[in-house]
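Geometric and topological summary
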Amino acid sequence: YYLRYDRNNNYMSSIFEVEQGFESIDPQDFEPLPLQKTSDRLRYDLLYTRFITPRIGPYVRFGLLTNLFESNALVTEPTVVTKKFLDGTQTTENVAANKDFKVGDPFAPVLLREGAGANFRLVRHRLVSLDWRGGLGFRQNRYNGSFVQESSSPGQLVYSEQENFNQSGLETTLVGDVRVRRFLLHTNLDLFADFEEFDQKPTLDWRNTFSFRLTGALSADYRVDVFEQPQVTDETQVSQSLLFRYSW
């Protein structure tokens, strides 16, 4: 759901998204594979701006990103899985081909975001809008015992338990919309640089939606999300989805 309030000098937007997907694979000559998640996301974002002028004003924001179900990893060949725990211990497990193993509980991780700063309406047009925000940000990363892959080789996987950590730094966000007849492009680029790791790559959360309106209420949406958190992994996480959306 998406809620927006824009009146006089007050602007508020609130977004709540729950996205779930699963797949079941049952090969003809083999036993069924474990049920696998294809998507599992809960996101909430709240923004409030009090505009001092028609284009500039202070903002405050809050955000949450997590998952609702247990996370598991599937292997397609016999694999030795090593899990390293925060207390220095580790376990080794032999996982058979086409079986999975647990790497995280529900609500693991929970990523919280707060920020305050200045909001600038750079472009306001019927076809194009562009906003830029910049200010001080805070992050609480609660991994709640979840594991991230550390290394892999044929027949072997190593996973490390992730430690909770807090961050404070500078955040900047660019939000833009382009509307051309039935076509809409929406992009939201969010960057965060930790004060203690200012010379490293920032955390990146970039969400893009390409929407083609089929009817007054129905549209086809192609979404691409890119997420990077170098404090946890060097891998860039990319997710894509094609959706039919009904709006009311």
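Residues numbered from 1 in each chain as written. Predicted model: local features only at pLDDT ≥ 70, side-chain atom pairs only at ≥ 80, totals over all residues. Heavy atoms only, no water.

**What to know about the overall build of the chain**
- Counting its secondary structure elements, the chain contains zero helices and 17 strands.
- Once the C-alpha set of the chain is aligned to its principal axes, its extents read approximately 65 × 50 × 25 Å.
- Expressed as a percentage of the 248 residues in the chain, the buried residues total 38%.
- Partitioning the contacts of the chain with sequence separation of at least 6, the portion at a separation of at least 24 is 56%.
- As displayed, the chain offers around 14,900 Å² of accessible surface, 57% of which is attributable to carbon and sulfur atoms.
- Side-chain charges of the chain comprise 27 positive and 33 negative groups, with the mean position of each set lying 14 Å from the other. (Helix = DSSP H or I, 4+ residues; strand = E, 2+ residues; numbered from the N terminus. Buried < 20%, exposed > 50% of the residue type's maximum accessible area, 1.4 Å probe, protein only. Contact = heavy atoms within 4.5 Å. Areas by Shrake-Rupley, 256 points an atom, 1.4 Å probe, with all protein chains shown as cover. Lys, Arg positive; Asp, Glu negative; His and termini not counted. Charge placed at Lys NZ, Arg CZ, Asp CG, Glu CD.)

**Here's the deal with the nonpolar core**
- Counting nine residues, the largest nonpolar core consists of Ala-73, Val-75, Val-81, Val-95, Phe-101, Val-103, Phe-147, Leu-157 and Tyr-159.
- If we ignore the near neighbours within four places in the chain, the residues touching Phe-147 are Lys-83, Lys-84, Phe-85, Val-103, Tyr-159, Ser-160 and Glu-161.
- Formed by six residues, the second largest nonpolar core is a distinct cluster that contains Leu-65, Leu-111, Tyr-143 and Val-148. (Core = buried A, V, L, I, M, F, W, Y, C linked by side-chain atoms within 4.5 Å.)

**A few points about the side chain of Asn-10**
- Tracing the backbone shows Asn-10 in strand E2 (residues 10–23).
- A polar side-chain atom of Asn-10 sits 2.5 Å from a polar atom in the side chain of Tyr-48.
- Of note is the side chain of Asn-10, whose polar atom sits 3.1 Å from the side chain of Arg-50.
- What Asn-10 contacts, discounting residues up to four positions off in sequence, is Tyr-5, Tyr-48, Thr-49 and Arg-50. (Polar contact = N/O pair within 3.5 Å; in protein donor to acceptor, adjacent residues only side chain to side chain.)

**Focus on the environment of Asp-131**
- Inspection of the secondary structure assignment puts Asp-131 in strand E10 (residues 128–142).
- For Asp-131, a relative accessible area of 10% corresponds to the buried category.
- C-alpha separation for the pair Asp-131 and Ile-56, spaced 75 residues apart in sequence, amounts to 10.0 Å.
- If we skip the residues at most four places from it in the chain, Asp-131 touches Asn-119, Phe-120, Arg-121, Leu-122, Arg-124, Thr-173, Leu-174 and Val-175.
- In terms of polar contacts, Asp-131 uses its side chain to reach the side chain of Arg-124, at 2.8 Å.

**A word on unusual backbone geometry**
- For the bond from Ala-108 to Pro-109, the omega torsion is 5°, close enough to zero to count as cis.
- Within the secondary structure layout, Pro-109 lies in the loop between strand E8 (99–104) and strand E9 (110–124).

**A closer look at the side chain of Ser-71**
- With respect to the helices and strands, the residue Ser-71 is situated in strand E5 (residues 71–75).
- Residue classification places Ser-71 among the buried residues on the basis of a relative accessible area of 17%.
- When neighbours within four sequence positions are excluded, Ser-71 is seen to be in contact with Lys-37, Phe-101, Lys-102, Val-103 and Gly-104.

**A short note on the pairing of E9**
- Bridge count for strand E4 (residues 56–66) against E9 is eleven bridges, and the pairing is antiparallel. Of the residues in E9, the one forming a bridge with Leu-64 is Leu-112.
- Bridge analysis of E9 against E10 gives 14 bridges, and the strand direction is antiparallel. Counterpart to Glu-114 in the pairing with E10 is Phe-138.
- As consecutive antiparallel partners, E9 and E10 are separated by three residues. (Pairing = 2+ DSSP bridges.)

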